[in-house]
Amino acid sequence: MTEEIIIAGFGGQGVLSMGKILAYSGMMQDQEVSWMPAYGPEMRGGTANVTVILSDERISSPVLSKYDTAIILNQQSMDKFECAVKEGGLLLYDPNGITKPPTRMDIQIFKVSATEEATKMGNTKIFNMIVLGAYLKVKPLVKLENVIKGLQKSLPARHHNLIPENEKAISRGLEIVEKVN
Amino acid sequence: MKEVKLMKGNEAIAEAAIRAGADGYFGYPITPQSEVLEYLMSQKPHERTGMVVLQAESEVAAINMVYGGAATGKKVMTSSSSPGISLKMEGISYMAGAQLPCLIVNVVRGGPGLGTIQPSQSDYFQATKGGGHGDYRLFVLAPASVQEMADFVKQGFDLAFKYRNPVMILSDGIIGQMMEKVELEEQQPRLTQAEVVKKCPWATTGKTPDRERNIITSLDLEASKQELHNKVLQEKYEKMEEDVRFETFNCDDAEYIFIAYGSVARICQKAIDIARSKGIKVGLLRPITLFPFPSKKVAELATKVKGMMSVEMSAGQMVEDVKLAVNGKIPVEFYGRMGGMIPSPEEIVRALKNQLIGG
């Protein structure tokens, strides 16, 4: 199994940390993992993206142009990455701020209203965990218990009190993800 | 059991330096390698091993601090990215001349000039052919993974002391910024002063009555003596050949060979998967040491395949060494991206088809 993922959105949405938690989760179940951020001027405001690869084998290129999954969190990223999903691959997006929804027929499209749900839950910071939950519903490649372990590894100890809330957000994401096509 | 961590390449360099028992790190921040200094500062290595970590006032100051530390036989290092490495070049040439061991890490970004902060391999010439003035060479290691970023620190220090020569780890923004699993070595203690005196009889460790004073310098105004010194250096660079390292993938049945180092070698492995799924028999030779360059292996492969393609994030630098080694026996092509652009596996396969296979 090899899963090649791009997560793309605005800086500050938790794109990089979501990728990091996913990478840690893979590592917790003995997979090979790589996490490659776009560290350019993008991260200084504007769009941010990260390529995460989970695999049972040694990972070759950490940089890709086609992905099994694209998790898209703003319109700029939709414009850039809808076409980069492999045929038969997955596109998961949050409709908030999306003016041109994806139109491809040869891929699976799912949406999760994570921005809206995070606001309802009273904490916009857990937005990225709702998205992660939605992804794990469609592709349960890492076990939830390993995601929790991943959270423990990637969060500094002083933030470990936030883990239950993150767990709740992941569960919510699992519930509210919708198939589009 | 060894400890496995998820780390950025830059952080792996820093942690490995502490664990290798380094005595000092002197640096100045620059993207995309600032995490080396940041991580070292956050770890307070002075409390862990007594290692000194210092942010100098400039790159020039940092490399001269390395010179000073190395002159006393200490295990010292610096790191920077392309424009910063250019600033260090005077000091590097002096250290090569004075035969001082040290480790220099270059996490390359696109140039020339301030260029960009995105990854590149355009400092190959600078690293392998000189960079500073004079007839000197660095021993150059090119990591292709976060694991190798960590491993090459200890190996780099060992080679630096073996040859009394600066060693460079030539990395790039991809390997520096990406996170992967890394197995870390156990903490190695720093050498005691008595051990340094024993290991480095040439170092300025304080004159004792039983020996002449040690002088560390790169200056000798007498040309005949300077020529002799140069001969000693050249013999040393030739001897480095015994530590040449490379890796091959899918070369056994290959009709074509990619030659690539560092992150591009990883991208080429993906390109090989794509090409082989289309029936193109292509393999990869990945030089791990860029100086000494694996010329003999390149020449040997040139007798077995129809053509080679050097793939680099540059305008074509390593390809010159490939051509020298192949010596006209088979076609050698080049494909590269510049200025911080990263080639995709698909475009590398296209280049292979268009430039080497034809059609």
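Please read these numbers as outputs of a predicted model, since none were measured by experiment. (Residues numbered from 1 in each chain as written. Chains lettered and ligands numbered in written order. Predicted model: local features only at pLDDT ≥ 70, side-chain atom pairs only at ≥ 80, totals over all residues. Heavy atoms only, no water.)

(A) Looking closely at the nonpolar core. Counting 124 residues, the largest nonpolar core has Phe258(B) and Met308(B) as the members making the most contacts within it. The element contributing the most residues to this core is helix α7 (residues 146–163) of chain B, with ten residues. Counting contributing residues, this core receives three or more from each of domain 1 (3–193) and domain 2 (248–357) of chain B. In this structure, Val50(A), Leu132(A), Ala169(A) and Leu6(B) belong to the second largest nonpolar core, which totals 42 residues. (Core = buried A, V, L, I, M, F, W, Y, C linked by side-chain atoms within 4.5 Å. Buried < 20%, exposed > 50% of the residue type's maximum accessible area, 1.4 Å probe, protein only. Helix = DSSP H or I, 4+ residues; strand = E, 2+ residues; numbered from the N terminus. Domains from an automatic or database assignment.)

(B) Representation of the sheet that holds strand β6 (residues 108–111) of chain A within the structure. Strand order in the open sheet formed by nine strands is β7(A)-β6(A)-β5(A)-β4(A)-β1(A)-β3(A)-β2(A)-β8(B)-β1(B), and the pairing between neighbours is mixed. Lying at the two open borders of the sheet, with one neighbouring strand each, are β7 (178–179) of chain A together with β1 (3–8) of chain B. In the sheet, strand β4 (residues 67–72) of chain A pairs with strand β5 (residues 85–93) of chain A via five bridges, with the strands oriented parallel. In the strand pairing of β5(A), Ile71(A) is matched with Leu92(A). Relative to the sheet, helix α4 (residues 127–138) of chain A contacts β1 (2–10), β4, β5 and β6 of chain A, its axis offset from that of β5(A) by approximately 140 degrees. The strands touched by helix α1 (residues 9–19) of chain B are β1 and β8 (179–184) of chain B; relative to β1(B), the strand with the most contacts, the crossing angle is about 135 degrees. (Pairing = 2+ DSSP bridges. Contact = heavy atoms within 4.5 Å. Axes fitted to C-alpha atoms, helices over the stretch in contact; angles between N-to-C directions.)

(C) Structural view of unusual backbone geometry. The omega torsion across Thr31(B) and Pro32(B) is 5 degrees, close enough to zero to call that bond cis. For Pro32(B), the position within the fold is in the loop between β2 (24–27) and α2 (34–43). A cis amide bond links Phe291(B) with the next residue in sequence, Pro292(B), at an omega value of 0 degrees. Notably, Asp30(A) is not glycine yet its phi reads approximately 65 degrees, a positive angle. Along the polypeptide, Asp30(A) turns up in the loop between α1 (15–28) and β2 (32–37). A positive phi angle is found at Asn327(B), which is not glycine, with a value near 55 degrees.

(D) Broad picture of the pattern of salt bridges. Residues and elements named next belong to chain A. This model, assessed by the stated rule, comprises 29 salt bridges over all chains. For Glu-3, the salt bridge goes to Lys-139, with nearest N and O atoms at 3.0 Å. Of this pair, Glu-3 sits in strand β1 while Lys-139 sits in the loop between α4 and α5 (144–154), and the two are 136 residues apart along the sequence. Classification of Glu-3 by relative accessible area gives buried; the value is 4%. For Lys-139, a relative accessible area of 18% corresponds to the buried category. One network of salt bridges, in which partners are shared, links Glu-116, Glu-117, Lys-120, Arg-172 and Glu-175. (Salt bridge = Lys/Arg side-chain N within 4 Å of Asp/Glu carboxyl O.)

(E) Highlighting the packing of aromatic side chains. Tallied over the entire structure, the rule returns four aromatic pairs over all chains. Aromatic side chains Tyr124(B) and Tyr261(B) sit 5.7 Å apart centroid to centroid with 40 degrees between the ring planes, which places their arrangement in the tilted category. Of this pair, Tyr124(B) sits in helix α6 (residues 124–128) while Tyr261(B) sits in the loop between β10 (256–259) and α11 (262–277); the two residues are 137 residues apart in sequence, bridging distant segments of the chain. Here Tyr124(B) and Tyr261(B) have matching classes, each one buried. Between the aromatic rings of Phe139(B) and Tyr163(B), the centroid separation amounts to 6.2 Å while the plane-to-plane angle is 20 degrees, which identifies the pairing as stacked. With a gap of 24 residues between them, Phe139(B) in strand β6 (residues 139–141) and Tyr163(B) in helix α7 connect regions that are remote in the sequence. Of the residues examined, Phe139(B) reaches a relative accessible area of 1% and is grouped as buried. Positioned above the aromatic ring of Trp35(A), the side-chain terminus of Lys20(A) is 5.4 Å from the ring centre. Lying across the ring of Phe161(B), Lys199(B) places its NZ or CZ 3.9 Å from the centre. (Phe/Tyr/Trp six-rings, centres within 6.5 Å; stacked < 30°, edge-to-face > 60°. Lys NZ or Arg CZ within 6 Å of the ring centre and 35° of its normal.)

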